[in-house]
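What follows is the residue order along each chain.
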Amino acid sequence: MILSEILYKVSLQVVSGKTDIEINNIVFDSRQVQKGTLFVAIGGTQVDGHTFINKAIELGASAILCENLPESLNEEITYLKVENSAKEMGFAAANFYKHPSKKLRLVGVTGTNGKTSIATLLFRLFRKLGYRCGLLSTVQNQIDDDIIPSTHTTPDSVKVNQLLSEMVQKGVTYCFMEVSSHAVVQERITGLYFAGGIFTNLTHDHLDFHGTFDNYLKAKKGFFDQLPATAFALVNTDDKVGKVMLQNTAARKETYSLKNIGTFKGKVLACGLFGLQMEIDSKEVWFKLIGSFNAYNLLGVYGAAVLLGEDSEEVLMQLSDIQPPAGRFEQIVSKNNIVGIIDYAHTPDALKNVLETIVDLKEGNHQGGIPQIITVVGCGGNRDATKRPIMAEIACKFSDKVILTSDNPRNEDPMDILAQMQKGVPSIHFKKTQTIEDRHEAILAAVKMAKPEDIILVAGKGHETYQDIKGVKHHFDDKEVLRAAFGEI
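This section reports on the structure supplied with the text. Because the structure is predicted, anything quoted here is derived from the model rather than measured.

1. As for the layout of surface pockets
Unfilled space is identified by rolling a water-sized probe across the atoms.
Item 1. Looking at the second largest pocket, its volume works out to about 280 Å³.
Item 2. Lining the second largest pocket are 13 residues, with Lys9, Phe91, Lys102, Gly191 and Leu192 positioned closest to its centre.

2. What to know about the sheet that holds strand β8 (residues 140-143)
Item 1. Strand order in the open sheet made by the eleven strands is β9-β8-β7-β10-β6-β11-β12-β13-β14-β15-β16, with mixed pairing throughout. Edge strands, defined here as strands with exactly one partner in the open sheet, are β9 (146-149) and β16 (283-287). Adjacent strand axes in the sheet meet at a mean angle of 20°, parallel and antiparallel pairs treated alike.
Item 2. Direction of pairing for strand β14 (residues 264-272) relative to strand β15 (residues 275-280): antiparallel, over a ladder of six bridges. Following the sheet pairing, Lys267 is matched in β15 by Glu279.
Item 3. Across the sheet, helix α9 (residues 292-307) is in contact with β11 (196-199), β12 (232-236), β13 (252-257), β14, β15 and β16; its angle to β14 comes to roughly 145°.
Item 4. Lying over the sheet, helix α10 (residues 312-319) contacts β15 and β16, oriented at roughly 25° with respect to β16.

3. Brief notes about the pairing of strand β18 (residues 339-343)
The two faces of a sheet get side chains in turn, since along a regular strand they alternate between them.
Item 1. Counting buried positions along β18 yields five of five residues, so the element is predominantly enclosed.
Item 2. Going residue by residue along β18, you find Val339, Ile341 and Asp343 tucked away on one face and Gly340 and Ile342 tucked away on the opposite face as well.
Item 3. Bridge analysis of strand β17 (residues 330-333) against β18 gives four bridges, and the strand direction is antiparallel. Its bridge partner being in β18, Gln331 is matched across the sheet by Ile341.
Item 4. Turn length for the β17-β18 hairpin, with the two strands adjacent in sequence and antiparallel, is five residues, and the turn residue Asn337 shows positive phi of about 75°.
Item 5. One ladder, built from five bridges, connects β18 with strand β22 (residues 455-459); its direction is parallel. Residue pairing across strands places Val339 opposite Ile455, the latter belonging to β22.

4. Description of the packing of helix α4 (residues 115-128) against α9
In a pair of packed helices, the angle between the axes and the distance between the axes together describe the arrangement.
Item 1. Between α4 and α9, the least distance of the axes is 9 Å, while the angle of their chain directions is 50°. Here α4 lies oblique to α9, going by the angle between them. Handedness of the α4/α9 crossing: right-handed. Of the residues in α9, those touching α4 at Ser117, Ile118, Leu121, Leu122, Leu125 and Phe126 are Asn297, Leu298, Val301, Ala304 and Ala305.
Item 2. Split by residue class, the contact of α4 with α9 holds nine nonpolar, two polar and no charged.

5. Quick word on the packing of aromatic side chains
Item 1. What the rule picks out here adds up to ten aromatic pairs.
Item 2. With centroids separated by 4.9 Å and ring planes inclined at 75°, the aromatic side chains of Tyr131 and Tyr174 adopt a geometry described as edge-to-face. Linking Tyr131 in the loop between α4 and β7 (133-136) with Tyr174 in strand β10 (residues 174-178), this pair joins segments that are 43 residues apart in sequence.
Item 3. Three or more aromatic residues joined by ring pairs make a cluster, and in this case those are Phe126, Tyr131, Tyr174 and Phe176.
Item 4. Looking at Lys461, its charged tip hangs above the ring of Tyr466, at a distance of 5.1 Å from the centre.
Item 5. Its guanidinium or amino end placed over the ring of Tyr466, Lys473 lies 4.4 Å from that ring's centre, counting from NZ or CZ.

6. A look at α9
Item 1. Over its 16 residues, α9 runs 23 Å from end to end, which matches the ideal 22 Å to within 8%, given 1.5 Å per residue.
Item 2. Gly309 sits one or two positions beyond α9 and adopts a positive phi of about 100°.

7. Looking at unusual backbone geometry
Item 1. Of note, the phi angle at Asp281 is positive, near 45°, even though the residue is not glycine.
Item 2. The residue Asp281 is located in the loop between β15 and β16 in this model.
Item 3. Overall, Asp281 belongs to the partly exposed group, its relative accessible area being 25%.

Criteria and cut-off values
- Residues numbered from 1 in each chain as written.
- Predicted model: local features only at pLDDT ≥ 70, side-chain atom pairs only at ≥ 80, totals over all residues.
- Heavy atoms only, no water.
- 1 Å grid on protein atoms, 1.4 Å probe; cavity = no way out; pocket = protein on both sides within 12 Å on 5 of 7 lines; lining within 4 Å.
- Points joined across faces, edges and corners; volume = space filled by probe spheres on them.
- Pairing = 2+ DSSP bridges.
- Helix = DSSP H or I, 4+ residues; strand = E, 2+ residues; numbered from the N terminus.
- Axes fitted to C-alpha atoms, helices over the stretch in contact; angles between N-to-C directions.
- Contact = heavy atoms within 4.5 Å.
- Buried < 20%, exposed > 50% of the residue type's maximum accessible area, 1.4 Å probe, protein only.
- Parallel < 35°, antiparallel > 145°, perpendicular 65-115°, else oblique.
- Left-handed = near helix turned anticlockwise from the far one by under 90°.
- Nonpolar A, V, L, I, M, F, W, Y, C, P; charged D, E, K, R; others polar.
- Phe/Tyr/Trp six-rings, centres within 6.5 Å; stacked < 30°, edge-to-face > 60°.
- Lys NZ or Arg CZ within 6 Å of the ring centre and 35° of its normal.
- Expected span 1.5 Å × (residues − 1).

Below you can see the structure in the form of structure tokens.
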């Protein structure tokens, strides 16, 4: 594509060189540069892309998009100075891939908890309704049956447009994607055209990145502020900031609720170990998902599907047959009837929701003695440290026994993370809490102390199949370890 076509809507401050040159690709990682590349230099907290401009030119870059021009300019290279490289890269990428987000119906899901579940449920629902669909999620990116590994909750703007372009070429008409707060602030969704946006909830998370809860809120709200008038904005009004998301959006404002008045109204009638009975818009339906937090997810999915023009009764019938996403309240039952639950819960609110659901199940699903809840939980390294003691406190409050263990320590010392978690353990719960750094040993210990009908929650990693230690991802799967441990009983 000719560079001048790629620069449509890009706010340029300085142009040095020709804009009628051919561009073969757009990258912001100099290691991916080849002949005819537009290299985008993005300033970062750890690495500044501007320091790699000369390397990019050596590797064949034809044009440079940057915030700061080099002191010495190469006459054979086109330099494009902008105020915000990441933002303008979004517009450039959309132009380069010929605006694929306008050629299908793209729905974004944002919030602290529930993004993956809602996006995945929508993907599965619309496939059951007969559509070709795409999915961009924390667990994986997917084009119908083709699975593409996922590295971020929301990919960078170039990758997003590339994936959407591939979806369009393969006949996809709907794509459902998670929109993280990082993605909004880092301009990863700039230049995309959304048919709708869904807000789940806002709780304690990512303060290591955003600094304050208010900044975190503004990042989520920023997604809705960008929605066009042709889109819908569907928010959970049972969350105290739900309506805040709608304050400045041009999109059609819609709501869903279990407790208040909403466009889409639901009610939990019964919740058991194998499903959830709900009333949605005066219709009673049994779902295979479990827990009140999933009641919100199902209601959000239902609302979005109806807003996208689907028949309400057909939506409920198809939804009732859908399994929960991987690593979301996923159950494994041992031969002697110990129930293991794998869940991605890695925020205080998510852990609280899962444990409250397990408490309800514990009280209504036992035949002999009262079962105990054993929770295995950790916190990731190089992430929001303020939630660590809160996570431990919640685990202690709702569990009979707690094992604090390692999650993804990344570049932190696991014992330092665990020491911070231990500060949240109330003194009255010291005796029922132990710390085992090795996650494999922690899960084995939980199984060894469990009796028939006890419930073991292994929280924090869910679908993940690795442990991130010192920059290296080692294979580790909670489900594999738990199944193996059950097999040894």
